[in-house]
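This is what each chain is made of:
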Amino acid sequence: MVRAFAADPPGKGGLLRHGLVPASEPGSTAAATVCAATGHVRSDNSAQRRHTGVEPFSAKPPVQRRRRSDGSSLADRVVVPPEALAELHRLHDELMATPTASEDIVGISHEMLLSCWGRGGSWHVCARLPEPGMFDLLVYGTDVIERPFNRRGFRLYPSSSIDAEFWLDRLGVAVVNMKGFKGPSDIKLGQDNFSVTMLESGWHCFCCADGHGTGGDWPAQRAVSSMPYFLQTKGCSMLLGVFDVESALLRAFEMVEDDLVESSRDSSVSLQSCGSTFTCVMHRPGSPSVWLAHVGDSRATLVSRCGRGAGLETTDHSLQVPAEEERVERCGGDIVRFDVEMPGEVEARVYARGKTYPGIAMTRSLGDLCVKEYGVIAEPEIVKWPLTSEDEATLLLLASDGIWNVFSSDEAADFVRDGLKEGKSRWIVAVELAKLAKERWMEGCGDYCDDVTVMLLPLSGAQFEELPPAKPLGTVGLRWLPFSHVACCSARPAPTR
């Protein structure tokens, strides 16, 4: 069923995917007028919007706050009535009471996901999350906080004498993982996450996840570690060994989803209205192709050394894609559309049939169990892209929608290409792209900036190395990198006095 609203529908407020809160404040529910619109309302500039779903900001974005037609900010969170929250809790309790889905994913702790690396030259890099602190517990009531615009450091597994950031730089990989800004009192963990992994089989695995909903940082963090873990299991390794990459990725995505459900039994997170986008890139050194599997809107695009604009790119899974919309309608999901204060713009979301939740814009995701039966699936779209052997400088730009909501694919690709032509390092280019995205968010929204993850990944000619063995700290030299606020360890011996 499709419904369209001239203003916010009852019980819905603000930018989707950024949490569910009780509608306890008087007047928190906007009045709405239902009309008979049943089709998409698109802007004339559909070519410019075809991948982002929103009008991209210009190079110098206007100082205009993105608001709905009733005046509420697009940075507001989705408001859900108390009775709907109670129903979501009931669904979660029913899930916890059901038997385990698969014995293959039982009892896998987070420590197990990270301790498996080191065999056969394998290694794994992921974001370094804020550490628990007693002071934060006393002051803020929670032992883990993250300040707005925190740019996270990295962790390398297994431990080595090489610093994680320096290691990625040495391999030509550049990553920025930055929390956004949801208001002055925002201290919750950012919901973007990433990982870069060399599997024991020699395959390179790059993951980007963008969580949403209350506790959305958890599925994103879990998935970027569990995906390479499952790709290294016997079944997936055998498939990768014969280059049946599609089957390996389908199996791994299924196991990641099952693992999230199983692991949520021991966590405080309900996956009923909480989930994550996920994009996984697989490449084998020397292979003339790269494989990409994704759910949601964490987009990837190729950036060639020459020319202008973006090359091949993934398609965001949203109601803007006719096949995605058709599946949701066929499965009985409610599609709600309502205007925002942008010419020709209509925001569309998916709800469980007859319910006031979850209000999700993407049509594929990990988690979000309450709309799985309504067509919001966890099955990835898998594509295989050929690589140009003549162009050794081909990069893959993988990013969360903190980039894509303020950049078109062509604009982001040109930004990266131009920066590299000016002689800037990939790290500097990634940092500057994230910085400009932050500026556009703050100028366009004022009180809101989404989390931002940028990954620049080498493909043609890339050859990852095995980690050197760990050394005593006193034998490791330190150097400062221009893109970092910390000293990075080098493999060179420390100078003697």
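Residues numbered from 1 in each chain as written. Predicted model: local features only at pLDDT ≥ 70, side-chain atom pairs only at ≥ 80, totals over all residues. Heavy atoms only, no water.

1. What to know about the overall build of the protein chain
Part 1 of the argument: Looking only at helices and strands, the protein chain has 12 helices and 21 strands in total.
Part 2 of the argument: By residue count, 57% of the 497 residues in the protein chain fall in the buried class.
Part 3 of the argument: Taking as baseline every contact in the protein chain between residues at least 6 positions apart, the subset at least 24 positions apart corresponds to 75%.
Part 4 of the argument: Counting every atom, the protein chain has about 20400 Å² of accessible surface; 55% of that belongs to carbon and sulfur. (Helix = DSSP H or I, 4+ residues; strand = E, 2+ residues; numbered from the N terminus. Buried < 20%, exposed > 50% of the residue type's maximum accessible area, 1.4 Å probe, protein only. Contact = heavy atoms within 4.5 Å. Areas by Shrake-Rupley, 256 points an atom, 1.4 Å probe, with all protein chains shown as cover.)

2. What to know about unusual backbone geometry
A negative phi angle characterises most non-glycine residues, just as the trans form characterises most peptide bonds.
Part 1 of the argument: Each neighbour pair has its own omega, and for Tyr157 with Pro158 the value is 0 degrees, a cis peptide bond.
Part 2 of the argument: Residue position: Pro158 is located in the loop between strand 6 (154–157) and helix 5 (164–170).
Part 3 of the argument: A cis amide bond links Tyr357 with the next residue in sequence, Pro358, at an omega value of -5 degrees.
Part 4 of the argument: If you trace the backbone, Pro358 turns up in strand 15 (residues 358–360).
Part 5 of the argument: Of note in the backbone geometry, Phe149 takes a positive phi value of approximately 65 degrees without being a glycine.
Part 6 of the argument: The topology assignment puts Phe149 in the loop between helix 4 (134–140) and strand 6.
Part 7 of the argument: Of note, Asp368 is a non-glycine position whose phi angle comes to about 50 degrees, a positive value.
Part 8 of the argument: Here Asp368 shows up in the loop between strand 16 (366–367) and strand 17 (381–386).
Part 9 of the argument: The class of Asp368 is buried, set by a relative accessible area of 2%.

3. Here's the deal with the packing of helix 11 (residues 409–421) against helix 12 (residues 426–445)
Part 1 of the argument: Contact geometry for helix 11 and helix 12: axes closest at 9 Å, N-to-C directions at 140 degrees. For the element pair helix 11 / helix 12, the angle class is oblique. Relative to helix 12, helix 11 is oriented so that their crossing is right-handed. Each of Glu411, Phe415, Val416, Gly419 and Leu420 in helix 11 lies in contact with helix 12, whose residues at this interface are Arg426, Val429, Glu432, Leu433, Leu436 and Arg440.
Part 2 of the argument: Partitioning the contact of helix 11 with helix 12 into residue classes produces six nonpolar, one polar and four charged. (Axes fitted to C-alpha atoms, helices over the stretch in contact; angles between N-to-C directions. Parallel < 35°, antiparallel > 145°, perpendicular 65-115°, else oblique. Left-handed = near helix turned anticlockwise from the far one by under 90°. Nonpolar A, V, L, I, M, F, W, Y, C, P; charged D, E, K, R; others polar.)

4. Topic: the pattern of salt bridges
Part 1 of the argument: With the rule as written, the count across this model stands at 17 salt bridges.
Part 2 of the argument: In this structure, Asp316 engages Arg299 in a salt bridge whose closest nitrogen and oxygen atoms are separated by 2.9 Å. One end of the pair, Asp316, is in the loop between strand 12 (300–303) and helix 9 (322–330); the other, Arg299, is in the loop between strand 11 (289–295) and strand 12, and 17 residues separate them in sequence. Assigned by exposure class, Asp316 and Arg299 land together as buried. (Salt bridge = Lys/Arg side-chain N within 4 Å of Asp/Glu carboxyl O.)

5. Section: helix 12
Residues spaced three or four apart along an α-helix point in a common direction, a consequence of the helix completing one turn every 3.6 residues.
Part 1 of the argument: With 20 residues, helix 12 should cover 28 Å at 1.5 Å per step; its first-to-last C-alpha distance of 28 Å lies within 8% of that length.
Part 2 of the argument: When we look at burial in helix 12, the residues that qualify are Trp427, Val429, Ala430, Leu433, Ala434, Ala437, Arg440, Trp441, Gly444 and Cys445.
Part 3 of the argument: Residue Gly446 follows helix 12 closely and has a positive phi angle near 80 degrees. (Expected span 1.5 Å × (residues − 1).)

6. Some remarks on the packing of aromatic side chains
Part 1 of the argument: For the structure shown, the criterion picks out 11 aromatic pairs.
Part 2 of the argument: Positioned above the aromatic ring of Phe149 is the side chain of Lys438, whose terminal nitrogen or guanidinium carbon lies 4.2 Å from the ring centre. (Phe/Tyr/Trp six-rings, centres within 6.5 Å; stacked < 30°, edge-to-face > 60°. Lys NZ or Arg CZ within 6 Å of the ring centre and 35° of its normal.)

7. A few points about the side chain of Arg222
Part 1 of the argument: Take Arg222: it is sitting in helix 6 (residues 217–231).
Part 2 of the argument: Taking the relative accessible area as the measure of exposure, Arg222 reaches 6% and is therefore buried.
Part 3 of the argument: Only 2.9 Å separates the side chain of Arg222 from the side chain of Ser263, close enough to count as a polar contact.
Part 4 of the argument: Not counting residues within four places of it along the chain, the set of residues in contact with Arg222 comprises Ile108, Ser109, His110, Leu113, Asp259, Leu260 and Ser263. (Polar contact = N/O pair within 3.5 Å; in protein donor to acceptor, adjacent residues only side chain to side chain.)

8. Overview of helix 6
Part 1 of the argument: Taking 1.5 Å as the rise per residue, helix 6 with 15 residues should run 21 Å; its terminal C-alpha atoms sit 22 Å apart, in good agreement.
Part 2 of the argument: At Ala223, helix 6 shows its maximal kink, close to 25 degrees.
Part 3 of the argument: Burial analysis of helix 6 places 14 of its 15 residues in the buried class, the great majority of the element. (Bend = angle between axes of the 7 residues up to and from the residue.)

9. A look at the pairing of strand 11
Part 1 of the argument: In terms of burial, strand 11 is largely enclosed, as seven of its seven residues are buried.
Part 2 of the argument: Residues Ser289, Trp291, Ala293 and Val295 of strand 11 are buried on one face, and the alternating residues Val290, Leu292 and His294, pointing to the opposite face, are buried as well.
Part 3 of the argument: Bridge count for strand 10 (residues 275–283) against strand 11 is five bridges, and the pairing is antiparallel. Bridge assignment links Met282 to a residue of strand 11, and that residue is Trp291.
Part 4 of the argument: Where strand 10 folds back on strand 11, the antiparallel hairpin that results is connected by five residues, among which Gly286 adopts a positive phi of roughly 90 degrees.
Part 5 of the argument: Where strand 11 and strand 17 come together, six bridges link them in antiparallel fashion. (Pairing = 2+ DSSP bridges.)

10. Looking at the sheet that holds strand 12
Part 1 of the argument: Reading across from one edge, 7-19-18-12 is the order of the four strands in this open sheet, with antiparallel pairing throughout. With partners counted over all chains shown, the strands left at the sheet margins are strand 7 (174–178) and strand 12, one partner each. Taking each pair of neighbouring strands and ignoring which way they run, the sheet shows an average axis angle of 20 degrees.
Part 2 of the argument: Pairing between strand 18 (residues 395–399) and strand 19 (residues 452–458): five bridges, direction antiparallel. Considered in strand 19, the bridge of Leu397 is made with Leu456.
Part 3 of the argument: With respect to the sheet, helix 11 is in contact with strand 12, strand 18 and strand 19, its orientation differing from that of strand 18 by roughly 130 degrees.
Part 4 of the argument: Running at roughly 30 degrees to strand 7, helix 12 makes contact with strand 7, strand 18 and strand 19 of the sheet.

11. Overview of the confidence of the model for the protein chain
Part 1 of the argument: Confidence in the prediction of the protein chain, expressed as mean pLDDT, is 76, and 66% of residues score 70 or more.
Part 2 of the argument: Low confidence marks residues 5–77, where pLDDT is under 50. Its contacts with residues over four positions away, or in another chain, come to 201 contacts.
Part 3 of the argument: Of the regions scoring below 50 in pLDDT, residues 471–497 engages in 56 contacts with residues more than four places distant in sequence or in other chains. (pLDDT = per-residue confidence, 0-100.)

12. Side note on the environment of His124
Part 1 of the argument: One can find His124 in strand 5 (residues 123–127).
Part 2 of the argument: His124 gets classed as buried once you look at its relative accessible area, which sits at 0%.
Part 3 of the argument: Spatially, the C-alpha atoms of His124 and Thr197 are 4.3 Å apart, while their sequence positions differ by 73 residues.
Part 4 of the argument: Residue contacts for His124: discarding those within four places in its chain leaves Leu114, Trp117, Arg155, Leu156, Tyr157, Ser195, Val196, Thr197, Val224, Ser225 and Pro228.
Part 5 of the argument: A distance of 2.8 Å separates polar atoms of two side chains, one belonging to His124 and the other to Thr197.

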